[in-house]
Each structure stands twice: as structure tokens, then as C-alpha cells.
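# Topology and contacts: notes
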Amino acid sequence: MAAVVAAGTIDVPDFPQPGVMFKDLMPLFGDGKAFRAVVDGIVEHYGAGTFDVVAGVEARGFVVAAGVAYATGTGVVPVRKAGKLPRAAYSASYALEYGEATLEVHRDAFVAGQRVLVVDDVLATGGTASAAIDLVEQAGGTLAGFTVLMELAFLKGRERLAPREVHALLTV
């Protein structure tokens, strides 16, 4: 699985600002066999019936979350950037490796106790992941797992999320 993710990733230097090496996963998403392989890899890791709904983190997490939800017959909930949701929402702000941001989820996104698999594309410092997990819990969901296609281990995001389990298809 790691080789599939690595082969579908292009490094883009100095994006979105100088000194940042952006991991562009769009080639992976555009390759049907590779995309199916990563979705199947996530589904296989968690197993059938271990989660009730998938929460995808904006924006590339939406792509993977939708695939996982479809493959498992579950629903998908978007975790959006601030100001994008039309109804009452919970919000959580966090620091990125190159700035600050806020995520939101509808207040009624989850049924109390619903098991939620949180999906994102890349785990970096853990700020986005931590905020998304906090939102799931604020909205009444129970974290069933957190998965990413790629983990940037040198940024120590996994440590920030401890003791929660982190599943990554590729760690660099």
C-alpha cells in the first residue's frame, strides 16, 4: 500500500509558501486502480462493521472518505473549513505548520454514540486531525479510528494525537 501512495504523490516545493514541501495526491486520485487500492486498504484495515459513518476532512479527505463510505455502505459527513456549512455548526481552531485555520461540522452530523472513522489525506503536525476528532466528539460521535494516506513522521502529528491510534498507508 505504501508503494501505491508513494507512486501517486508528487512533491511540490514552496507551496503554499516558501519552505513547505506540498504532497500532491491528485495523481493518486486520478488513477482508478490506485484509488481503489487505497480505499480497499483502509476498509481492510478497519474491517466491516467497525464504524457507522465516515467523516472526511476538507478538502482532499472528502475524496477518500466518500470512497470508503461507498465501499462500506455507510454515510459520509464533511468536516469543512469555517463558513462553508449552512446550518448550526461546532467549530475548532488549530495551528497548521504554515498558519492557522478553523474547521466546522454540523451540530446534528452524528447520532449520539455513532462510531465515526475520520479520514484525511496527510497527517502533518496533527492540528487538523486533532480539531476534526474534537468536532466529532463535540457533535456526539465516538471516534472509531483515524486514517490518512500519508503521515509526515518528522512533524510528529502522531504524538499530538496520542493515545489515539493513527493508521497511515505510507509514513515518510
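For the structure itself, look to the data block above.
This report concerns the structure included in the present document.

Basis of the calculations
- Residues numbered from 1 in each chain as written.
- Predicted model: local features only at pLDDT ≥ 70, side-chain atom pairs only at ≥ 80, totals over all residues.
- Heavy atoms only, no water.
- Salt bridge = Lys/Arg side-chain N within 4 Å of Asp/Glu carboxyl O.
- Helix = DSSP H or I, 4+ residues; strand = E, 2+ residues; numbered from the N terminus.
- Pairing = 2+ DSSP bridges.
- Axes fitted to C-alpha atoms, helices over the stretch in contact; angles between N-to-C directions.
- Contact = heavy atoms within 4.5 Å.

Scanning the model with the defined rule gives 7 salt bridges in all. Across the pair Asp-52 and Arg-115 runs a salt bridge whose closest N-O atoms are separated by 2.8 Å. One end of the pair, Asp-52, is in the loop between α3 (32-46) and β3 (53-57); the other, Arg-115, is in strand β7 (residues 115-123), and 63 residues separate them in sequence. Here Asp-108 and Arg-87 are joined by a salt bridge, their closest N and O atoms 2.8 Å apart.

Ordered by their spatial adjacency, 7 strands build an open sheet running β5-β6-β4-β3-β7-β8-β9, and the pairing between neighbours is mixed. Across the chains shown, the open sheet's two edge strands, defined by having one partner strand only, are β5 (89-96) and β9 (167-171). Taking the axes of each pair of neighbouring strands and ignoring which way they run, one obtains an average angle of 25° across the sheet. As paired elements, strand β4 (residues 75-81) and strand β6 (residues 99-106) share 2 bridges and run antiparallel to each other. Considered in β6, the bridge of Lys-81 is made with Leu-103. Against the sheet, α3 contacts β7, β8 (142-151) and β9, and its axis sits at roughly 145° relative to β8. Those strands touched by helix α4 (residues 60-72) are β3, β4, β7 and β8, and its axis lies near 165° from that of β3.

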